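Structural overview for review
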Amino acid sequence: MSHILRIENLHVAVDGKAILRGVNLEMKFGETHAMMGPNGSGKSTLGLAIAGHPNYVITEGTITLDGEDITEWEADQRARAGIFMAFQRPVAIPGVKTADFLRHAATNVRRPDRKEGEDLIPMREFRKELKAKMSQLKIDTEFARRYVNDGFSGGEMKRAEILTMAMLSPKFSILDETDSGLDADAVKLASASIAEIGRDKMGLLIITHHDKLLEHNPPQFTHVMLGGRIVETGGAELARELHDHGYDRIRKTYPDAEAANQEMLAKEEAVAV
Amino acid sequence: MSTDIASSESIGEINKYDFRTESKAFFKARKGVDAEIVNQISEMKNEPEWMRNYRLKALEIFNSKPMPNWGGAIDINFQDIYYYLKPTDKQGKTWDEVPQEIKDTFDKLGIPEAEKKFLSGVKAQFESEVVYGSLKQDLADQGVIFTDTDSAIRDYPDLVREYFGTIIPSTDNKFAALNSAVWSGGSFIYVPKGVKIEFPLQAYFRINAENMGQFERTLIIVDEGASVHYVEGCTAPMYSSESLHSAVVEIICKRGSRCRYTTIQNWANNIYNLVTKRAVAYADATMEWVDGNLGSKLTMKYPAVYMLEPGARGEILSIAFASKGQHQDAGAKLVHCAPHTTGQIISKSISKGGGRSSYRGLVKVEKGAKKSKCNVVCDALILDSKSRSDTYPYIEILEQDVSVGHEASVSRIGEEQMFYLMSRGLSNAEASTMIVNGFIEPLVKELPMEYAVEMNRLIQLQMEGSVG
Ligand SMILES: Nc1ncnc2c1ncn2[C@@H]1O[C@H](COP(=O)(O)OP(=O)(O)O)[C@@H](O)[C@H]1O
Ligand SMILES: [Mg+2]
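What counts, and at which threshold
- Note that residues are indexed from 1 along each chain, following the sequence as it is written.
- Here chains are named by letter from A upward and ligands by number from 1 upward, in the order in which they appear as written.
- Where totals are concerned, whole chains, interfaces and linings use all residues; where local detail is concerned, this predicted model gives features only for residues with pLDDT of at least 70, and gives and counts side-chain atom pairs only at 80 or more.
- Hydrogens and waters are ignored; side-chain quantities use all the structure's heavy atoms.
- Each metal's donors are the N, O and S atoms found within 2.8 Å of it, except that Na, K and Ca use a 3.2 Å limit; water is left out, so coordination can look incomplete.
- For helices the rule is a DSSP run of H or I covering at least 4 residues; for strands it is a run of E covering at least 2, with both sets numbered from the N terminus onward.
- Per-residue accessibility, obtained with a 1.4 Å probe over protein chains only, is compared with the maximum for each type, and a residue is labelled buried under 20%, exposed over 50%, and partly exposed between these values.
- For this description, a residue counts as near a given molecule or strand if any of its non-hydrogen atoms is within 4 Å of it.
- Here a polar contact is recorded for every N or O atom pair within 3.5 Å, except that within protein the pair must consist of a potential hydrogen donor and a potential acceptor, and residues adjacent in sequence are included only if both atoms are side-chain atoms.
- Note on areas: Shrake-Rupley with a 1.4 Å probe; residue coverage comes only from the protein chains shown.
- Only protein atoms enter the 1 Å grid, on which a cavity is a set of points fitting a 1.4 Å probe that cannot get out and a pocket is an open set with protein on both sides within 12 Å along at least 5 of 7 lines, lining residues being those with an atom within 4 Å of a point.
- Any molecule with more than half of its atoms within 2 Å of a cavity's or pocket's grid points is counted as sitting in it.
- Here, any two strands with at least 2 DSSP bridges between them count as paired.
- We define a salt bridge as a side-chain nitrogen of Lys or Arg found within 4 Å of a carboxyl oxygen belonging to Asp or Glu.
- Between two residues, a contact is recorded if the distance between any of their heavy atoms is within 4.5 Å.
- For helices, the fitted line uses only the C-alpha atoms of the stretch in contact; every axis is such a line through C-alpha atoms, and the angle between N-to-C directions lies from 0 to 180 degrees.
- Summary of the metric used: pLDDT quantifies the predictor's per-residue confidence within the range 0 to 100.
- Two cysteine sulfurs form what is called a disulfide whenever their separation falls within 2.5 Å.
- Note on definitions: buried area is the accessible-area loss of two parts on being combined, 1.4 Å probe, summed for both.
- Within this scheme, the nonpolar core is defined by two criteria: the residues are buried Ala, Val, Leu, Ile, Met, Phe, Trp, Tyr or Cys, and they are joined through side-chain atoms within 4.5 Å.
- Grid points are joined across faces, edges and corners, and a volume is the space filled by probe spheres set on the points.
- Only Asp, Glu, Lys and Arg are considered charged in this grouping, and only Ala, Val, Leu, Ile, Met, Phe, Trp, Tyr, Cys and Pro are considered nonpolar; every other residue, Gly among them, is considered polar.
- Within 6.5 Å between ring centres, the rings of Phe, Tyr and Trp (the latter by its six-membered ring) count as paired, and their orientation is classed by plane angle as stacked under 30 degrees, edge-to-face over 60, tilted in between.
- Placement of a charge over a ring requires the Lys NZ or Arg CZ to be within 6 Å of the ring centre, with the centre-to-atom vector within 35 degrees of the ring normal.

Focus: the coordination of the magnesium ion (ligand 2)
Residue and element names in this part refer to chain A. Distances from the magnesium ion (ligand 2) to its protein donors, Ser44 (OG) and Gln88 (OE1), fall within 2.0 to 2.6 Å. One end of the pair, Ser44, is in helix α1 (residues 43-51); the other, Gln88, is in the loop between β6 (83-86) and β7 (93-97), with 44 residues separating them in the sequence. Given a relative accessible area of 22%, Ser44 falls into the partly exposed group. We classify Gln88 as partly exposed; its relative accessible area is 22%.

Quick word on the site of ligand 1
All names here are of chain A. For ligand 1, the set of nearby residues contains 14 residues, the closest of which are Gly40, Lys43, Ser44, Thr45 and Tyr56. Between ligand 1 and Gly40 there is a distance of 2.8 Å, counted from an oxygen atom to a backbone nitrogen or oxygen. For ligand 1, an oxygen atom lies 2.9 Å from a polar atom in the backbone of Lys43. Alone, ligand 1 offers 550 Å² of accessible surface; in the complex the protein occludes 77% of this. Assessed atom by atom at 2 Å from the grid points, ligand 1 resides in the second largest pocket. Secondary-structure elements contributing two or more residues to the shell around ligand 1 are β2 (17-28), α1 and α10 (255-272). Ranked by residues supplied to the shell around ligand 1, first place goes to α1 with three residues.

Notes on the pairing of strand β12 (residues 229-234) of chain A
Residue and element names in this part refer to chain A. Here strand β11 (residues 221-226) runs beside β12; their pairing, made up of five bridges, is antiparallel. Considered in β12, the bridge of Met225 is made with Ile230. Between β11 and β12, which pair antiparallel and follow one another directly, the connecting turn spans two residues, one of which, Gly227, has a positive phi of 55 degrees.

Quick look at the pattern of salt bridges
Pairs can form between side chains of opposite charge once their charged atoms are near each other. Counting across every chain of the model gives 37 salt bridges over all chains. With its nearest N and O atoms 3.0 Å apart, the salt bridge here joins Arg251 of chain A to Glu258 of chain A. Under the relative-accessibility criterion, Arg251 of chain A is labelled partly exposed at 27%. Given a relative accessible area of 15%, Glu258 of chain A falls into the buried group. The closest approach of N and O atoms between Asp150 of chain B and Lys45 of chain B, which form a salt bridge, is 2.7 Å. Placement of Asp150 of chain B in helix α8 (residues 149-155) and of Lys45 of chain B in the loop between α2 (35-44) and α3 (49-64) is noted, with a sequence separation of 105 residues between them. The class of Lys45 of chain B is buried, set by a relative accessible area of 8%. Residues joined by salt bridges that share partners form a network here, namely Glu232, Lys277, Asp291 and Lys301 of chain B.

A few points about the sheet that holds strand β10 (residues 286-295) of chain B
Residue and element names in this part refer to chain B. Strands sit in the order β3-β5-β8-β10-β13-β15-β17-β19 across an open sheet of eight strands; the sheet is parallel. Both edges of this open sheet fall to β3 (201-202) and β19 (402-412), since each of them pairs with a single strand only. Of the strand pairs in this sheet, strand β5 (residues 227-232) and strand β8 (residues 258-267) are connected by six bridges, and their pairing is parallel. Across the sheet, residue Glu232 finds its bridge partner in β8, namely Thr263. Contacts from helix α12 (residues 428-444) reach β13 (313-322), β15 (342-351) and β17 (372-382), with the element oriented near 155 degrees to β15. Its contacts with the sheet place helix α13 (residues 449-463) against β3, β5, β8, β10 and β13, and it is angled at close to 30 degrees to β8.

Examining the confidence of the model for chain B
All names here are of chain B. On average, residues of chain B score 82 in pLDDT, and 78% of them reach the 70 mark or higher. The low-confidence segment residues 1-26 (pLDDT under 50) makes 31 contacts with residues lying over four places distant or belonging to another chain. The low-confidence segment residues 88-92 (pLDDT under 50) makes 15 contacts with residues lying over four places distant or belonging to another chain. Here the predicted complex scores 0.80 on pTM and 0.96 on ipTM.

Looking at the state of the cysteines
Residues and elements named next belong to chain B. One pass over the full model with this rule turns up zero disulfides over all chains. Take Cys259: it sits in no disulfide, and the sulfur closest to it among the cysteines is that of Cys253, at 4.9 Å. Residue class for Cys259 comes out buried when judged on its relative accessible area of 0%. Unpaired in terms of disulfides, Cys337 finds its nearest cysteine sulfur in Cys374, a separation of 12 Å. Here Cys337 falls in the partly exposed class, since its relative accessible area comes to 30%.

Side note on the interface of chain B and chain A
The interface of chain B with chain A comprises 22 residues on the first partner and 39 residues on the second. For the pair chain B and chain A, the two sides together bury roughly 2,200 Å², of which 61% comes from carbon and sulfur. It is Phe419, Tyr420 and Arg424 of chain B that lose the most area in chain B upon contact with chain A, and together they represent 34% of the buried surface on that side. At the surface where chain B touches chain A, the tally comes to three salt bridges. Across the salt bridge formed by Glu441 of chain B and Lys97 of chain A, the nearest N and O atoms sit 3.6 Å from each other.

So, the sheet that holds strand β10 (residues 203-207) of chain A
Residues and elements named next belong to chain A. Judged by pairing direction, the sheet is mixed, and its six strands sit side by side in the order β6-β9-β10-β3-β11-β12 without closing on themselves. Each edge of the sheet is formed by a strand with only one pairing partner; in this case those strands are β6 and β12. On average, each strand axis in the sheet is tilted by 20 degrees relative to the strand beside it, whichever way the strands run. The sheet strands contacting α1 are β3 (32-36), β6, β9 (172-176), β10 and β11, and the helix crosses β6 at an angle near 145 degrees.

As for the nonpolar core
Core analysis: the biggest nonpolar cluster contains 113 residues, and Leu10, Leu46 and Leu130 of chain A together with Leu421, Val436 and Met455 of chain B have the highest contact counts within it. The contacts of Leu421 of chain B, once residues within four sequence positions are left out, are Ile93 and Phe101 of chain A together with Leu426, Ala431, Met434 and Ile435 of chain B.

Examining the layout of surface pockets
Taken as a whole, the largest pocket holds about 1,600 Å³ of empty space. In terms of lining residues, the largest pocket is bounded by 42 residues, among which Asp100, Arg103, His104 and Leu120 of chain A together with Asn456 of chain B are the most central. At the level of elements, β7, α3 (98-110) and α4 (123-136) of chain A together with α12 and α13 of chain B are the ones that each hand at least two residues to the lining of the largest pocket. Per-element accounting of the lining of the largest pocket gives the leading share, eight residues, to α12 of chain B. A breakdown of the residues in the lining of the largest pocket according to their chemical character gives 17 nonpolar, 10 polar and 15 charged. Of the pockets and cavities examined, the second largest pocket occupies roughly 960 Å³. In this structure, the second largest pocket is lined by 32 residues; those nearest its centre are Ser44, Thr45, Leu48, Tyr56 and Arg89 of chain A.

Some words on the packing of aromatic side chains
Counting across every chain of the model gives 14 aromatic pairs over all chains. Between Phe62 of chain B and Phe78 of chain B, the ring centres sit 5.0 Å apart and the planes meet at 85 degrees, which makes this aromatic pair edge-to-face. A residue pair is termed long-range when its members are at least 10 positions apart, and Phe62 of chain B in helix α3 and Phe78 of chain B in the loop between α3 and α4 (87-90) qualify at 16 residues. We note that Phe62 of chain B, like Phe78 of chain B, is buried. Between Tyr261 of chain B and Trp289 of chain B, the ring centres sit 5.1 Å apart and the planes meet at 55 degrees, which makes this aromatic pair tilted. With Tyr261 of chain B in strand β8 and Trp289 of chain B in strand β10, the pair connects residues that are 28 residues apart, well separated along the chain. One aromatic cluster in this structure is built from Phe87 and Phe101 of chain A together with Phe419 and Tyr420 of chain B. Lys174 of chain B extends its terminal NZ or CZ atom over the ring of Phe62 of chain B, reaching a point 4.3 Å from the ring centre.

So this is what it looks like as structure tokens:
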């Protein structure tokens, strides 16, 4: 199988405020990419724009999946086409059992052409699969009966996101700080889980500040985001450098991007006040 | 299925009833309500004199009472309604006459053929005797009475007369008075001391067109230490050519007993659904109303529990869904008349497509009802900017030493929730349906399994097509 996700000259605005200013990125099925960069540089924005969040408006540029332009697609269409994002802060859906949610999601993603609301994956079959995946990911089976992300601890949420990914087997996965808020053991588990699903069975974009997750999932490519642009791309050694020495070199090397980043942060503060 | 003696006996009983109705087959009272009509109804039913007088008295009260000046707008011409139809009349209708949209909805709900015909008024008798036969024998062996109220008046006159109209007198409100004058059908249940009925008693078991009619009258007596769960209504849209449904339900929970009364109703859009439901609970008795209201033009319904003696409990769970052109004015009423009584109201309403839902609730704590506790939670979910939700909580507390809590919330479906679900492959409609189902889940999980499933499917139908 070979799939390509291509992002060209992507400009994204939120509430009329420009955030991404021309991002280019190409990912192939089976590759692991790391996306690093200081706070507020636009990493999550990139992920959300790829996933199709309606508030993240693409003002210029295109996203194509296997040559098909998906820039205008709704989030559900993208999910069905194989795009997945594990969110930094997943929202709770009270009253909706995790198992029911996953059964709908998995059915839709696996059989995108079926008539809505009909013929879900047979209950028995689904339960068996879910149970197997949960035990693989060392998630308590009781989890399935809990309401989606409702009252989950930080770690539980992240694991639920990984479980969802495992159930949906996407072509491309964006993991947004899936390691943050997890202790060392949990990160190990999350990494093992990703390995279990199979790094070679999807294209992986790992958004992270630190190298914990990357240690277990060495990237072929490391990108550095600053001021809404990818300013540098390297290999695994770049991730290590940034982890050990921070972003000082990057900030100095790309003063324009650094200025843009400061400007976004200032606006953010102004909004917060 | 079973053709043993037990069930054929009970079929015999039902047939006897049929014979009675068939003997005066083509009767249909003329439109309007007056003494002549009321007399006619009573005569058709061969009622004892006291019931005829009760009806006539109620008619006077009805005529003298003004329309309620609160709740929703009611525009009914009382003289343009048929108040009494013989079931055999309805049988004259053919399946072809049932509107297509009703048929489609039946199909979507997967309602069995026999049931469809009954629900749409094509068939008068729901063919459930086979199922019900053996159950009925079981109940009869324990001394349980479960019949329609017309038969009860004939077969258990003393018992009915002792309680009929004692909980909801004709003077209570205009629509209770109307019901008292023209009522027909409804269920009568008596559960003897200490008898605990394990499975829910369903109106289904003994349904016929007459008691599914517009003015049914239900009376339930749960004797000391007994328990029963009664389920009425069905989730298919109830189609009726008449525009007014006005039922009265009275329940007596004696010392240490327990009663749960579950209703899920989905009325056609032209119906005024104005229902009075009230229960009294004696010492350590528990009364629970679970009330789901969908459809109708206007529903006004506030199930009530009067806690008369120490240790009594009253719980009311209410779900209302108002779509386009619908007003659900639903709520609850709890009256604490004795010390150490406990009440709870949980209300969830959903408004969509310009629908309006109102929570109207009364909590009253009488002087001397010390150490009583009452908690009210009402949550409203509004699906779009055209729709509306209001809360009218009335609280009257005449006793100091009590604890009463009230929480209300109004929310809109969150963008972030929608995006989250859609990013997992759910369509816009599926995502909002899922959020709505989640919203009412705390109540739905209290329903018997098959009703819970139907409720979720109903929500799905209500949500279909019009989510923006
Ligand atoms: N929903 C939003 N509303 C307003 N501003 C936003 C929103 N999402 C992101 N931003 C702004 O976009 C910039 C980049 O944010 P983000 O993509 O979250 O950065 P990162 O993930 O790299 O920390 C920040 O200045 C942030 O304030
Ligand atoms: Mg981020």
